[in-house]
Every structure is written in C-alpha cells, then in structure tokens.
Amino acid sequence: MEKRDFLTLQSFKADEIREMLELTRRFKEGSLSINEGSILSGKSIVLLFQKHSTRTRVSFEVAINQLGGHPVCLGWRESQLGRGETIADTARVLSRYVDAVVARVYKHSDLEEMAKYADIPIINALSDMYHPCQIVADLYTMWEKFGSLKGLKVAYVGDGNNVCNSLLIGCSKMGVNLSVACPSGYEPSSEALRFAERNSKESGSEIRILRDPFEACKDADVIYTDTFVSMGDEAEREERLSVFLPKYQVNAELLKVASDNVLFMHCLPAHRNEEVTDEVIDGPHSVVWDEAENRLHTAKAILAMMLKRDFHNP
Ligand code: CP
Ligand code: NVA
C-alpha cells in the first residue's frame, strides 16, 4: 500500500473529508461498533514539535493513547535535528521505528522534505503555510452546530495566515462560502487561493477576499479569527498590531452585522483584546471551547483514516 501524507487538506477529496467528519461524530458520540482502543494497537507515533503547542500536542497524545497506540513526544531541539542531523536522515530513521510522524514546523518545505524521505505517513501539525488538522475540527464544529456545511456563510477576519490558508481550502472543498477580510499585504497565500478557486468550481462555494470586515461579516453564520502575530512573526509584532488594530478586531460592534445566531470561532490561543475582545470570546456566540474539544475527536478520526486504511465501521 502506498503511503499517504496529510500535509494539506488539498490532498483529500471532499468525500474523504466528509468521511473524516462522520468518523469524528462516531468517536465523539462513542458509537463506533469496534473497540476504540484496538484501532492503533501495536502502533507507535512520533509527535515532533519545533514550536509551542497546547491543543495539538495534547489532543494527539491523548488520541493516540485512547486508540491503543504509543505516542513518542520529541522536541525538535532535543533531538539530533537540533544539532544539524538532516531532515532526510531523520525521516529515514524514524521510518524504521514508528508508524507515523505528526510534526509542527516553521517551514512547510521541511514537512515536504520529511514526507519525501519517510516511508511512513507525515501529518502536518501546523507549518507556516497550513494547519489542516485544525480546519478538520473547525469544519466538524460547524457541521455539528448547523447540521450541514453547504451554503454556510463564514467570515474570516484578520491575518491571511496558515489557518486562513487551510480554511480557504477546507471551505472551498465542502461548499462553504468564505469571505476573508484582511489588510493589503496580509492576504492568504497565492497557492491557497489557487486551490480554493479550483475547488469552488466543483463545490459551488463563493470565495471573496475583501478589505472591509463589516462587508465580510454581513449576515455571516460564523465569524472566525486568529492571532495577528503567528509563531515566527514575533519580530513584526508592533508593526502588525498597528496594521490590524483597531480595524480588524472582532468585537460586539462587528457581530451586530452578522446573522442573529452567528457563531464566533478561533483556533486558539487567543490574544485577548487584540484580535478578539473578551466580551466576544466569553460571550453567548462563542463556541471556542467546543471547537478546541473537537481537536481531540478529529485527531482520532485523522489517525484512524491515515493509519488503518482498511478501517470500516459497519
Ligand atoms: N490551535 C492550535 O493548534 O493550538 P496549539 O498551538 O495549542 O496546538
Ligand atoms: N496562526 C497561528 C496558529 C496557532 C495555532 C500560528 O501559526 O502561530
């Protein structure tokens, strides 16, 4: 069987993403017809982190344990990667020990290099370009809250970063309309935009890149934001805050133009009172804790689909 990586959502068909969401539902409801603890039994998975993480690191470690597998947590700097061993050599060696690597890196090209030399699946736990595992949880959260995805109106306000790139791909695959409001110079990547355009032709999604958050959020079912200063952008913090604030902050004023039942979503961690006010993230429209919980259930679905390809659940 040829190995398959999960570096971006673009490499999964809409039907496969749907299958992931359906599997997530079964994990979350506890309605699998097989013992969850047998799914990864005998399998070991490396969790390799070059940057900070709370949700991704903990949800994957717990998911692997609950599926009966063995997680091996490895800090980039503590491994020989930190002393200059190449990614290619590391990938070749890890392929001899474990069944998959879940990796968070600065450069997306490092993940591509790892995937090229590994014989085992590489799962993107966030790179400078993409955060596909997050978007599976976000799509699941929307599906769970609204009962369907097709035709939903999502507004993303802020930096056209890794999360925004993956949201573009995920929404455009699943028939979700997405309006991104971002300042000039902070647009999503041209690759993600190209993928989104291609996907939307098939799914019927409407994708818009705008400057005005109020225009993007008009009648929106979901308003989504992320930090203005991603990991790796710290040196630009002051400049970025001066570009994004106050215009791109998600606050009560902005929520007023959205649908009455609008949901507020954020991948977290939040930088409170920068990209979102306390009033909104702690308010009645916010679903950020359910969204964070869904990282665990979706991590299980992703692992089950990637590592147990004969996974059937009659
Ligand atoms: N949303 C997310 O990926 O969170 P962590 O950085 O805590 O993993
Ligand atoms: N855009 C953020 C997401 C963190 C989960 C970052 O890359 O730091």
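Look up a bit, the structure's there.
Residues numbered from 1 in each chain as written. Chains lettered and ligands numbered in written order. Predicted model: local features only at pLDDT ≥ 70, side-chain atom pairs only at ≥ 80, totals over all residues. Heavy atoms only, no water.

A few words on the pairing of strand 1 (residues 44-49). Burial runs high along strand 1: six of the six residues are buried. What you see with strand 1 is no split at all: S44, V46 and L48 on one side and I45, L47 and F49 on the other are buried throughout. Here strand 1 runs beside strand 2 (residues 70-75); their pairing, made up of six bridges, is parallel. Paired with L47 across the two strands is C73, which belongs to strand 2. (Buried < 20%, exposed > 50% of the residue type's maximum accessible area, 1.4 Å probe, protein only. Helix = DSSP H or I, 4+ residues; strand = E, 2+ residues; numbered from the N terminus. Pairing = 2+ DSSP bridges.)

To continue, consider unusual backbone geometry. Cis geometry is found at the peptide bond from L245 to P246, where omega equals 5°. On the secondary structure map, P246 appears in the loop between helix 9 (237-244) and helix 10 (252-255). Its identity as a non-glycine residue notwithstanding, L126 has a phi of 120°, on the positive side. Here L126 is to be found in the loop between strand 4 (122-124) and helix 5 (132-146).

Further remarks concern the sheet that holds strand 3 (residues 100-104). Strand order across the open sheet formed by four strands is 2-1-3-4, with parallel pairing between neighbours. Strands with a single pairing partner mark the edges of an open sheet, and in this sheet they are strand 2 and strand 4. Adjacent strand axes in the sheet meet at a mean angle of 20° when their direction is disregarded. Bridging between strand 3 and strand 4 involves three bridges; their strand directions are parallel. What sits directly across from A103, in strand 4, is N124. With respect to the sheet, helix 4 (residues 108-117) is in contact with strand 1, strand 3 and strand 4, its orientation differing from that of strand 4 by roughly 165°. (Axes fitted to C-alpha atoms, helices over the stretch in contact; angles between N-to-C directions. Contact = heavy atoms within 4.5 Å.)

Our focus in this paragraph is the packing of helix 3 (residues 87-97) against helix 4. Two numbers describe how helix 3 lies on helix 4: the axes approach to 8 Å, and their chain directions differ by 45°. Comparing the axis directions of helix 3 and helix 4 gives the class oblique. Where helix 3 crosses over helix 4, the handedness of that crossing is right-handed. Contact residues: helix 3 offers I87, A88, A91, R92 and S95, while helix 4 offers D110, E113, M114 and Y117. Split by residue class, the contact of helix 3 with helix 4 holds five nonpolar, one polar and three charged. (Parallel < 35°, antiparallel > 145°, perpendicular 65-115°, else oblique. Left-handed = near helix turned anticlockwise from the far one by under 90°. Nonpolar A, V, L, I, M, F, W, Y, C, P; charged D, E, K, R; others polar.)

Take the site of ligand 2 next. All residues adjacent to ligand 2 are L126, N161, N162, D226, T227, S230, M231 and L268. One nitrogen or oxygen atom from the side chain of N161 is found 3.3 Å from a nitrogen atom belonging to ligand 2. Contact distances for ligand 2 include 2.8 Å between an oxygen atom and a side-chain N or O atom of N162. In isolation ligand 2 has 270 Å² of accessible area, and contact with the protein removes 94% of it. Tallied by class, residues from the shell around ligand 2 come to three nonpolar, four polar and one charged. (Near = heavy atom within 4 Å. Polar contact = N/O pair within 3.5 Å; in protein donor to acceptor, adjacent residues only side chain to side chain. Areas by Shrake-Rupley, 256 points an atom, 1.4 Å probe, with all protein chains shown as cover.)

Around ligand 1, the structure places S53, T54, R55, T56, R104, H131, Q134, C267, L268 and R295. Between L268 and ligand 1, the recorded distance is 2.8 Å, taken from a backbone N or O atom to a nitrogen atom. Here an oxygen atom of ligand 1 and a side-chain polar atom of R295 are 3.2 Å apart. Broken down by class, the residue content of the shell around ligand 1 amounts to two nonpolar, five polar and three charged.

All right, on to the sheet that holds strand 5 (residues 153-157) then. Overall, parallel pairing links the five strands, which are arranged 7-6-5-8-9 in an open sheet. Each of the sheet's edge strands pairs with one partner strand only, and the pair in question is strand 7 (207-210) and strand 9 (263-266). Within the sheet, the average angular offset between the axes of one strand and its neighbour, ignoring direction, is 20°. Pairing of strand 5 with strand 6 (residues 177-181), which is carried by five bridges, proceeds in the parallel orientation. What sits directly across from V154, in strand 6, is L178. Along the sheet, helix 12 (residues 288-307) contacts strand 8 (222-225) and strand 9; its crossing angle with strand 9, the most-contacted strand, is approximately 45°.

Tallying each qualifying case throughout the model produces six aromatic pairs. Here a set of aromatic residues connected by ring pairs shows up, and it is made of Y186, F228, F244 and Y248. Above the ring of F12, the side-chain terminus of R4 is found at 4.1 Å from the ring centroid. (Phe/Tyr/Trp six-rings, centres within 6.5 Å; stacked < 30°, edge-to-face > 60°. Lys NZ or Arg CZ within 6 Å of the ring centre and 35° of its normal.)

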